[in-house]
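Structure at a glance
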Amino acid sequence: MTATPAGVPEHPLGVKVMDDDHAALEALLRAAKALPDDALPSALEEISAEVAAHFTREEEEMRAHDVPVLFCHMAQHKRIIDLLAAARGLVEARDSARLRMFLSVMLPGEIEAHINSVDRMSARFMTGDLAPAAGDELRLPERDILSLR
Ligand SMILES: [Fe+2]
């Protein structure tokens, strides 16, 4: 991720909640790179909370627009949430070097890949750049089969 003007995301998608949240998250990740080791654990907590809040807002927006294959998108969100939870193990192990690597390289890379794949496709549906009929063929059952409900 490279520096962009405040409030402007690196990869604008044309959906306000996505673009605003992505810009804020990118700013947090950039700021974390300059932090001393002893500030990294609190940065991890702040970033984790921001990511979770962003995913909640984004999922609400996608539900409101009936974005197809939402469960697949939400599974990608859960994967990133799980990565953030696993990174707490680095705090417990006092492994500042790997925590810094996670926050400055791995996590930004995961988020950028997410934005440029499923977020971009979802944004195209929400902005009308993809015909709604295109989603009909992509749609999966919107239920959690593991819970057998
Ligand atoms: Fe997303």
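Source: prediction; values computed, not measured.

Next up on the list: the overall build of the chain. Of regular secondary structure, the chain possesses 5 helices and 0 strands. Listing each helix as α and each strand as β along the chain from the N terminus yields α-α-α-α-α. Expressed as a percentage of its 149 residues, the buried residues of the chain come to 22%.

The next point concerns the nonpolar core. Nonpolar side chains tend to gather and get buried jointly when the protein is soluble and globular. Formed by 15 residues in total, the largest nonpolar core has its most connected members in Leu 29, Leu 44, Leu 99, Phe 102 and Leu 103. In this structure Phe 102 touches Ala 87, Leu 90 and Leu 107, once residues within four positions along its chain are discounted. Counting 8 residues, the second largest nonpolar core, distinct from the first, contains Val 15, Met 18, Met 62 and Met 126.

Since the α-helix packs 3.6 residues into each turn, any two residues three or four apart lie on the same face. Maximum bend of helix H4 (residues 96-126): about 40°, positioned at Phe 102. Two residues or fewer after H4 comes Gly 128, characterised by a positive phi angle close to 80°.

With that settled, the discussion passes to the packing of helix H3 (residues 70-92) against H4. One way to put it is that H3 packs onto H4 with a least axis distance of 11 Å and a crossing angle of 175°. When the axes of H3 and H4 are compared, the pair comes out roughly antiparallel. Between H3 and H4, the residues in contact are His 73, Gln 76, Ile 80, Leu 83, Ala 87, Leu 90 and Val 91 and Arg 98, Leu 99, Phe 102, Glu 110, Ile 111, His 114, Val 118 and Ser 122, respectively.

Another aspect to go through is the confidence of the model for the chain. Parts of the prediction with low pLDDT should not have their coordinates interpreted in detail. Taken as a whole, the chain shows an average pLDDT of 91; of its residues, 87% reach a score of 70 or greater. Summarising per-element confidence for the chain, the mean pLDDT is lowest in helix H5 (residues 132-136) (68) and highest in helix H2 (residues 40-64) (98).

The next point concerns unusual backbone geometry. Peptide bonds are, in most cases, trans, and in most cases residues other than glycine have a negative phi. One non-glycine residue, Val 69, adopts positive backbone phi at about 45°. One can find Val 69 in the loop between H2 and H3. Positive phi, close to 55°, is recorded for Arg 94, a residue that is not glycine. Structurally, Arg 94 is set in the loop between H3 and H4. C-beta crowding within 10 Å serves as the criterion here: with 9 such atoms nearby, Arg 94 is assigned to the exposed category.

What follows deals with the packing of H2 against H4. Interhelical geometry of H2 versus H4 gives an angle of 10° and a closest axis separation of 12 Å. Relative to H4, the element H2 is oriented roughly parallel. Contacts between H2 and H4 involve Leu 40, Ala 43, Leu 44 and Met 62 on the former and, on the latter, Ser 96, Leu 99, Arg 100, Leu 103 and Ser 122. Of the residues belonging to the contact of H2 with H4, the class tally is 6 nonpolar, 2 polar and 1 charged.

Counted at 1.5 Å a residue, the expected span for helix H1 (residues 16-32) with its 17 residues is 24 Å, and the 24 Å between its end C-alpha atoms agrees. Among all positions of H1, only Met 18, Asp 21, His 22, Leu 25, Glu 26, Leu 29 and Ala 32 are buried. Along the long axis of H1, the arc covered by the buried residues comes to 135°, so they all point the same way. Elements in contact with the buried residues of H1: H2 and H4.

With that settled, consider the environment of Arg 98. Along the chain, the position of Arg 98 falls in helix H4. Residue class for Arg 98 comes out partly exposed when judged on the 13 C-beta atoms lying within 10 Å of it. Arg 98 sits 11 residues away from Ala 87 along the chain, and the two C-alpha atoms are 9.0 Å apart.

Quick notes on the rules
Residues numbered from 1 in each chain as written. Predicted model: local features only at pLDDT ≥ 70, side-chain atom pairs only at ≥ 80, totals over all residues. Helix = DSSP H or I, 4+ residues; strand = E, 2+ residues; numbered from the N terminus. Buried ≥ 20, exposed ≤ 12 C-beta atoms within 10 Å, placed from the backbone. Core = buried A, V, L, I, M, F, W, Y, C linked by C-beta atoms within 7 Å. Contact = placed C-beta atoms within 7 Å. Bend = angle between axes of the 7 residues up to and from the residue. Axes fitted to C-alpha atoms, helices over the stretch in contact; angles between N-to-C directions. Parallel < 35°, antiparallel > 145°, perpendicular 65-115°, else oblique. pLDDT = per-residue confidence, 0-100. Nonpolar A, V, L, I, M, F, W, Y, C, P; charged D, E, K, R; others polar. Expected span 1.5 Å × (residues − 1). Arc of directions from axis to C-beta.

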